[in-house]
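Take a look at the letters that make up each chain.
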Amino acid sequence: MATINTDLWYRIKDGDSTALAELYDGFAGAMFSLSLEILGDRWEAEEVIQDVFAYLWRKPDAFATGKGKFSSWLLVLTRNRSIDRYRSRKRRLDRGESDDTLQAREDTSQTDGAQQATLSDERSHLRTAFTILPTEQRQVLELSYFKGMNHIEISEALNLSLGTVKSRIRLGIEKLRLSLSTLRK
Amino acid sequence: METLKQQALDYTLGVLPKEESILFEALLEQDEDAHKSLVEAQEDCARLSLTAPPSRLGEEVRSRIIEQTHPPMDMDPFLGTIEMKRLRENFSAFENRYSGGGGAVDLSDISLTALKDEVSVSYENLLKIMPLVSGDSRAASGDFSKLQQELRSFGSFSDGIDKTLGFELNEEDPATRSVLRSALATLPSLSFFSDRIRQQDPSLGDTRRLFYLCRDQLKIMRASFRDLDPQRLIEDEKLRLHGAGLLQTKWWGSEHAFFSSTGKVRCGHFFEGPVTERCVEFAEYDANMYCLANLLASRSQDGEFHMELMKDAVPGCTLAVATAKMDDRKHASLESIIHGIRKPSADMIHDQYLWTLIEDSMIRGHQCDRLSDLREQQAYGCRRLNGYTYLWFAWPAIPNAQDGADA
């Protein structure tokens, strides 16, 4: 999987600002793509990326090398912060508050001019692997990972038992792992 | 092991119930398998993360992020001044916060019909622009054609400001003060960026800036004129605590303009947490910060100015400080406005209005009828120090509050 050197983290911990710049250049794109996919709002997604980088700079010890890969930790942190925002926006809308952004949503189905970045092989493989997952597994994974729904919410939304939801998530993840290794061969 | 894997995945996704999360965290300390499962779950989630369609970040995001690594400005000399000492000794918080009224008038209170129309037209145009600059708009994806088309369909906002200020204004009239706030706090900067997008090659950075300015301007206008858009005002009011994050997001590393004068904003001491309660109170605070920035934008010696928001510097209050390197002549011009030393020249009348708007707002925010008392306390003011000019205003802090909303 696309990764970043843990050495960067040690340098950031030591207050090396060039390391933060290197991390941004190498990985902010992946973090931003994830956040944008969850939030569907460029400005909010940029805010999340700023928050995550500021947090890392202020509190580098929030990560520890024993906690796994630095890159995975960063993506999970980005995902969770984006989901928090998504949920808070959803709560406001559920309470009947307006959201000018959502209410006046434009049709942005045209090609995104800023989305011209070339897919890395790794990400391209993963994207393919995800799209070839069985629909029912992909759907549950999307709701869980990109919409932040818990198992109960998904089971209610899709009229499935809790056990089915959990097993579809697990199976989907395992299949993604397997598909990736197959595609790499 | 399967249960452990499930727990680790749920924990990573943030859907493990709180009590189970605590137990799982305790398990992580001592159980190698639990730890292994967590690392594996993180890997799986990271793989899922990378399935998101790739999108490119705007160039200016990088500079904003890297700017965070720069050492913040040393505010100690300022915080050690006699003015700050006096503020610390005299500032007293109170229980009843400003909840609207003093600054809010009805649109119908504006006696000049043409002026009233100007306010309404400006508001309606901004409503049209808002969805075209929001984070899910085409412009936010790099396609500016529709936004430019819309902006070109009506005149520059700066024409509207000129028109507004060209009327015979009775400055003592509360309705006129609301008009001035609507015309001078946010609108000059908004006008600058909308003109730039209209006339030149637009950028994502300009679009983002225009989004925040539009959002703020609309809220300030609704808070200024109760009957302008009552339905949306009710919706604004539903958001209670307003966090400092709302301010930091838009000020950090941004370009600010007051008419044609621009400056790069730096921030280093923004605290985390709420600054105000109700939306009308936030509109006061927000407009004040714009007024400070406006006063500095045209005077900064090096094209930069600092905006800072500090909470612990003076107990019981949040302290908004704006400072810029300034030559003596420009500082003197600012002092003359602030202290009313002489009648301002025509080109400085805007600046005098800005200071008056801050003073009006201090009266409302502190719920104090006597401006002289606030001046005496140093609740707001201007100070020259080591070649820098500092402007500030103190605002009652929200006691014992959790982090503010950043909607």
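The model shown is predicted, which means the values in this text are computed figures rather than measured ones.

1. Thoughts on unusual backbone geometry
Item 1. The phi dihedral of Gln367(B) falls on the positive side, at around 50°, and the residue is not glycine.
Item 2. You can see Gln367(B) is positioned in the loop between α17 (349–365) and α18 (371–377).

2. Concerning the pairing of strand β8 (residues 388–396) of chain B
Residue and element names in this part refer to chain B.
Item 1. Counting buried residues along β8, eight of its nine residues qualify, which places the element largely inside the surrounding structure.
Item 2. Two strands pair when backbone bridges link them, and strand β6 (residues 317–325) and β8 are joined in this way by nine bridges, in the antiparallel orientation. Along β8, the bridge assignment pairs Cys317 with Pro396.
Item 3. Pairing analysis gives six bridges linking strand β7 (residues 380–385) to β8, with the strands arranged antiparallel. Bridge pairing in β8 links Leu385 to Tyr388.

3. What to know about the packing of aromatic side chains
Item 1. Enumeration according to the criterion identifies 20 aromatic pairs over all chains in this entry.
Item 2. Aromatic pair Phe130(A) and Phe146(A): ring centres 6.4 Å apart, planes at 80°, arrangement edge-to-face. Separated by 16 residues along the polypeptide, Phe130(A) in helix α6 (residues 121–131) and Phe146(A) in helix α7 (residues 135–146) bring together distant segments of the chain.
Item 3. Judged by relative accessible area, which is 2%, Phe130(A) ranks as buried.
Item 4. What makes Phe146(A) buried here is its relative accessible area of 5%.
Item 5. For the pair Phe192(B) and Phe193(B), a centre-to-centre distance of 5.1 Å together with 85° between the ring planes defines the contact as edge-to-face.
Item 6. Judged by its relative accessible area of 18%, Phe192(B) falls in the buried class.
Item 7. Look at Phe193(B) and you get buried, because its relative accessible area is 1%.
Item 8. Each residue in the set Trp9(A), Tyr10(A), Phe63(A), Phe70(A) and Trp73(A) is aromatic and connected to the rest through ring pairs, giving one cluster.
Item 9. The ring of Tyr145(A) has Arg79(A) lying over it, and the distance from NZ or CZ to the ring centre is 4.9 Å.

4. Quick notes on the interface of chain A and chain B
Item 1. Every contact between the two is made by 76 residues of chain A and, on the other side, 59 residues of chain B.
Item 2. For the pair chain A and chain B, the two sides together bury roughly 6,500 Å², of which 57% comes from carbon and sulfur.
Item 3. At the junction of chain A with chain B, the criterion picks out six salt bridges.
Item 4. Between Glu46(A) and Arg64(B) there is a salt bridge, and its shortest N-O distance comes to 3.2 Å.
Item 5. Remark: the boundary between chain A and chain B carries 23 residue pairs in polar contact (both at pLDDT 80 or more).
Item 6. If one sorts the elements of the side of chain A that touches chain B by residue count, helix α2 (residues 17–39) of chain A sits on top with 13 residues.
Item 7. Its residues assigned to classes, the side of chain A that touches chain B shows 32 nonpolar, 20 polar and 24 charged.

5. Section: the domain arrangement of chain B
Quite often, the size of an interface is put as the accessible area lost when its parts meet.
All names here are of chain B.
Item 1. One can read the domain layout of chain B as domain 1 (2–68), domain 2 (70–101 + 239–407) and domain 3 (102–236).
Item 2. A C-alpha centroid distance of 40 Å is found between domain 1 and domain 2.
Item 3. Across the contact, four residues belong to domain 1 and seven residues belong to domain 2.
Item 4. Summed over both sides, the interface of domain 1 with domain 2 buries roughly 530 Å², with 42% coming from carbon and sulfur.
Item 5. Summed over the three residues of domain 1 that lose the most area to domain 2, namely Arg64, Glu67 and Gln68, the buried surface amounts to 90% of that side.
Item 6. On the surface where domain 1 and domain 2 come into contact, there are two salt bridges.
Item 7. Note that Glu67 is salt-bridged to Lys264, the shortest N-O span being 3.2 Å.
Item 8. By residue class, the composition of the side of domain 1 that touches domain 2 is one nonpolar, one polar and two charged.

6. Some thoughts on the environment of Ser156(B)
Residues and elements named next belong to chain B.
Item 1. Mapping Ser156 onto the fold places it in the loop between α8 (145–153) and α9 (157–166).
Item 2. When its relative accessible area of 10% is taken as the criterion, Ser156 is described as buried.
Item 3. Sequence separation between Ser156 and Ser191 is 35 residues, and the spatial gap between their C-alpha atoms is 6.7 Å.
Item 4. Beyond its immediate stretch of four places on either side in the chain, Ser156 contacts Ser191, Asp195 and Arg198.
Item 5. At 2.7 Å, the side chain of Ser156 and the side chain of Ser158 are in polar contact.

How each quantity is defined
Residues numbered from 1 in each chain as written. Chains lettered and ligands numbered in written order. Predicted model: local features only at pLDDT ≥ 70, side-chain atom pairs only at ≥ 80, totals over all residues. Heavy atoms only, no water. Helix = DSSP H or I, 4+ residues; strand = E, 2+ residues; numbered from the N terminus. Buried < 20%, exposed > 50% of the residue type's maximum accessible area, 1.4 Å probe, protein only. Pairing = 2+ DSSP bridges. Phe/Tyr/Trp six-rings, centres within 6.5 Å; stacked < 30°, edge-to-face > 60°. Lys NZ or Arg CZ within 6 Å of the ring centre and 35° of its normal. Contact = heavy atoms within 4.5 Å. Buried area = accessible area lost by both parts, 1.4 Å probe. Salt bridge = Lys/Arg side-chain N within 4 Å of Asp/Glu carboxyl O. Polar contact = N/O pair within 3.5 Å; in protein donor to acceptor, adjacent residues only side chain to side chain. Nonpolar A, V, L, I, M, F, W, Y, C, P; charged D, E, K, R; others polar. Domains from an automatic or database assignment.

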